[in-house]
Every structure is written in C-alpha cells, then in structure tokens.
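Reading the structure
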Amino acid sequence: MRTLAFLVSSILAYTAMAAVSAFSSGTLWTDTDGNRINAHGGGIMYHNGTYYWYGECKGELTYRSPGVGWEAYRTETGGVTCYSSQDLYNWKYEGVVLEPDTVNTYSDIHPTMVIERPKVVYNEATGKFVMWMHIDSPNYSKASAGVAVSDSPTGKFTYIESVHPNGQIARDLTVYKDDDGKAYLIYSSEGNATMQISQLTPDYLKTVGTYTRNFIDKSREAPAIFKRNGKYYIVSSGCTGWSPNEAEYAVADCVTGPYTTLGNPCTGPDADKTFFGQSTFVLPVEGMHDTFIMMFDRWNKRDLIDSRYLWLPIQFNETGFTVPWVDNWSLNNNLVNNK
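On a predicted model such as this, the values are computed, not experimentally measured, just so you know. (Residues numbered from 1 in each chain as written. Predicted model: local features only at pLDDT ≥ 70, side-chain atom pairs only at ≥ 80, totals over all residues. Heavy atoms only, no water.)

On to the overall build of the chain. Along the chain, the regular secondary structure elements total one helix and 26 strands. Counting across all 339 residues of the chain, residues that qualify as buried make up 55%. Taking the intrachain contacts of the chain between residues at least 6 apart in sequence as the baseline, contacts between residues at least 24 apart amount to 48%. Counting every atom, the chain has about 14700 Å² of accessible surface; 51% of that belongs to carbon and sulfur. Charge-centre separation for the chain: the mean point of 27 positive side chains lies 3 Å from the mean point of 36 negative side chains. (Helix = DSSP H or I, 4+ residues; strand = E, 2+ residues; numbered from the N terminus. Buried < 20%, exposed > 50% of the residue type's maximum accessible area, 1.4 Å probe, protein only. Contact = heavy atoms within 4.5 Å. Areas by Shrake-Rupley, 256 points an atom, 1.4 Å probe, with all protein chains shown as cover. Lys, Arg positive; Asp, Glu negative; His and termini not counted. Charge placed at Lys NZ, Arg CZ, Asp CG, Glu CD.)

As structure tokens, then:
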C-alpha cells in the first residue's frame, strides 16, 4: 500500500510539474500545481515580463437563479482569481485577488451577487492596477459596472463601488487601454440591445460622462477588442444566455466607433456556433509581430466550474481576419494539429 501511495503521489507530482508547450482547445487546463484553472470570462494583462490572467472564480455548485426568465444558471461568487505566466502555456496560481465580502449581505461582492468578466489595466500615472467587472444582482437587475484597485498585479484588490456608467446600465464589459495611455470601457447597455463605449478618466476609476452607441439594436455582448495597423476590431456574440451562437466582428478607425461589421470570423467545424464558445478577450502576444490570441469560454451551464477555455490563433488576410478551429497549436507553429 505504501508503494502504491508513493507511486500515485509521484505521478501526481510529475503531472503538476510537467511543462505544457501547446494550447489544447476545450480540454481541462490545470495550473503548475496540477489544479483546475478557475478563471472564467477572463482577460490578460502583460506587465514587466509577466502575463497575468484574471477571471471569475466559479463555485462548485451550479444552480438556477429563481424568478429569471432566461436560463440564469450561476454559482456562488468566489471573487476574482489571478494566474501568472511567462510563456502563456504554464500558469501559476496567484490566489483570489479580489475576495468576496462574506460578511455584508448588501455588498456588491457578496457571494450571492454576480461578478463577471473582470479585466485589469495598469495606470502608469498613478501606479495603480485597475479592475473593471460586471456587477449584478442574482436576478441580473442591477446591471452595473464595478471597479477595484490594487498596488500590485497580484492584489489584493480593494473594491471601490459599482456604477451605471454615464447613467447607463452595463452588463458584459471589457476595458481597453490604447497606445496613448487612454483607457475605455466597452459594455452592453440599453437592455443589452446596444453596446456603448466611454473613455475613462485619467485615473481609470470613472467614466468621463460621454459615450458612443454602437451596434444599435443588434443585441451584442461579450465584447473583445484589439488594435492592429491603426484599426480597431471588436469581436462579440449574440445574446442567447449560456447557449452558443454565431460570433461577429467589426472594424473602426477610432476606438469609440463607428464600427462596420464584417461577419463571422470563425472558420471550421461548428464555426456558426463559435465552436460552442463565447468571446472574452483578444491577447496581443508580447514580442511576436502580428500575433494575437482569440480567447473564448466554452460554457457548461449546468456545471459552470467545468466550463473550458478555447484559445485560438487569429489569422489576418486582405479583408480582415479569421479565427480557425485548431485542436492543438503553439505560438511558433500555430497549426500543430488541425483536424
């Protein structure tokens, strides 16, 4: 029995330490300790040679919120987790960097509330790391954007408040920091019918009071934005709850729009369902020219902690770009195993 136990522990230790060298779409991803990566609806910040992945910490029990018309499956809010990496394949668990408030039942970040799609940007002027996230009530009626701040990329983040940016409701959101240091909040608003974009104040803690309206009455959510060759691209999904739908991307000359839609960027099996995923972030790979990773979540609505991650290469062409399905790939050879 001792020999068997030693063998099992040795195998587990080896599995935890074995380095990963490729992305494997839709499989269970584990951190450097061998534990499940729990960072859903996430985004990645690159800072001083390290990538930091922030995401929703899902609880073990999935249930359906009562009194909600759509399939409002959810878990108790576990806060926001952070993982760090130098190579994007192997991720070290840095802990829960925004902890839920388990004491104050009225808190925006109490476990009964909703924290979704956390994104972090660094403000050089203040030296602060600023996190924006979708904050909601269990029945999704609060529809707010929350903000938190930290002196370190690994926290702890201090929660400040939730707001209706510029007096508008906000659900699925992302944050984009441009080359000039200005930052922007992009969020689904007007009952999710329209996507609004607002510049943030110089400290990134508030919106400036004005916004543009994009994709009016098109019901787009899950925005992911990036810039290439002076053009701004937004990838988004339709509003079908946890069920997959067809992605769409759009281009503009200015971050705040207006945007021209270019259709579905996904190609390959199940492209019309975004490979059963939903957009969350586009990551420019540091030091690699014209290399971007399209990040999706493949939601498992009845067991949300078991939702998987799809990271796929973006391939550019004369009219825009495509996101092809690739089972396994690496940054140096992005078509390792395309079935």
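On we go.
Before going further, it helps to examine the nonpolar core. In terms of nonpolar packing, the biggest core is built from 41 residues, with Phe-23, Ile-44, Trp-53, Leu-88, Trp-91, Ile-293 and Trp-311 touching the most fellow members. For this core, the secondary-structure elements that each account for two or more residues are β3 (50-58), β16 (220-228), β17 (231-238), β18 (248-252), β21 (278-284), β22 (292-298), β23 (308-313) and β25 (321-324). Take this core: its biggest share by element is five residues, from β22. Dropping the residues within four chain positions of it, Trp-311 is found in contact with Phe-23, Ser-25, Trp-29, Ile-44, Trp-53, Leu-88, Trp-91, Ile-293, Met-294, Met-295 and Trp-329. (Core = buried A, V, L, I, M, F, W, Y, C linked by side-chain atoms within 4.5 Å.)

Taken together, the four strands give an open sheet; going across it, the order is β2-β3-β6-β7, and neighbouring strands pair in antiparallel fashion. Taken across any chain shown, the strands that pair with only one partner, and hence form the sheet edges, are β2 (40-47) and β7 (92-98). Across the sheet, the axes of successive neighbouring strands diverge by a mean angle of 25°, strand direction being ignored. As paired elements, β2 and β3 share six bridges and run antiparallel to each other. Its bridge partner being in β3, His-40 is matched across the sheet by Glu-56. (Pairing = 2+ DSSP bridges. Axes fitted to C-alpha atoms, helices over the stretch in contact; angles between N-to-C directions.)

Summed over all chains, the structure comprises zero disulfides. Cys-266 takes part in no disulfide bond, and the closest cysteine sulfur, belonging to Cys-239, lies 16 Å away. Judged by relative accessible area, which is 6%, Cys-266 ranks as buried. (Disulfide = S-S within 2.5 Å.)

Among the secondary structure elements, Ser-162 is positioned in strand β11 (residues 158-163). Here Asp-108 takes part through its side chain, which lies 2.7 Å from a polar atom of the side chain of Ser-162. (Polar contact = N/O pair within 3.5 Å; in protein donor to acceptor, adjacent residues only side chain to side chain.)

Topologically, Glu-56 is positioned in strand β3. At a separation of 3.0 Å, a polar atom in the side chain of Glu-56 contacts the main-chain amide nitrogen of Arg-117. Ignoring sequence-local partners within four residues, the contact set of Glu-56 consists of Asn-38, Ala-39, His-40, Gly-41, Gly-79, Ile-115, Glu-116, Arg-117, Pro-118 and Trp-299.

Attention now goes to the sheet that holds strand β12 (residues 173-177). Sheet strands associate in pairs through backbone hydrogen bonding, adopting either a parallel or an antiparallel arrangement. Strand order in the open sheet formed by four strands is β12-β13-β14-β15, with antiparallel pairing between adjacent strands. The outermost strands of the open sheet, each flanked by one partner alone, are β12 and β15 (212-214). Strand after strand, the sheet turns through a mean of 25° between neighbouring axes, direction not considered. The sheet contact formed by strand β14 (residues 194-199) and β15 spans three bridges and is antiparallel. By the bridge assignment for β15, Ile-197 is matched with Thr-212.

We now examine the packing of aromatic side chains. Evaluation of the coordinates by the stated rule reveals 30 aromatic pairs. Summarising the aromatic geometry, the rings of Trp-53 and Tyr-309 are spaced 5.1 Å apart at their centres and angled 80° between planes, so their arrangement reads as edge-to-face. With a gap of 256 residues between them, Trp-53 in strand β3 and Tyr-309 in strand β23 connect regions that are remote in the sequence. Pair check on accessibility: Trp-53 and Tyr-309 agree, each one buried. The interplanar angle of 40° and the centroid separation of 4.6 Å between the aromatic rings of Tyr-122 and Phe-129 together place this pair among those described as tilted. Three or more aromatic residues link up through ring pairs in this structure, and these residues are Phe-23, Trp-29, Trp-53, Tyr-83, Tyr-89, Trp-91, Tyr-93, Tyr-309, Trp-311 and Trp-329. We note Arg-64 situated over the ring of Tyr-73; from NZ or CZ to the ring centre the distance is 5.7 Å. (Phe/Tyr/Trp six-rings, centres within 6.5 Å; stacked < 30°, edge-to-face > 60°. Lys NZ or Arg CZ within 6 Å of the ring centre and 35° of its normal.)

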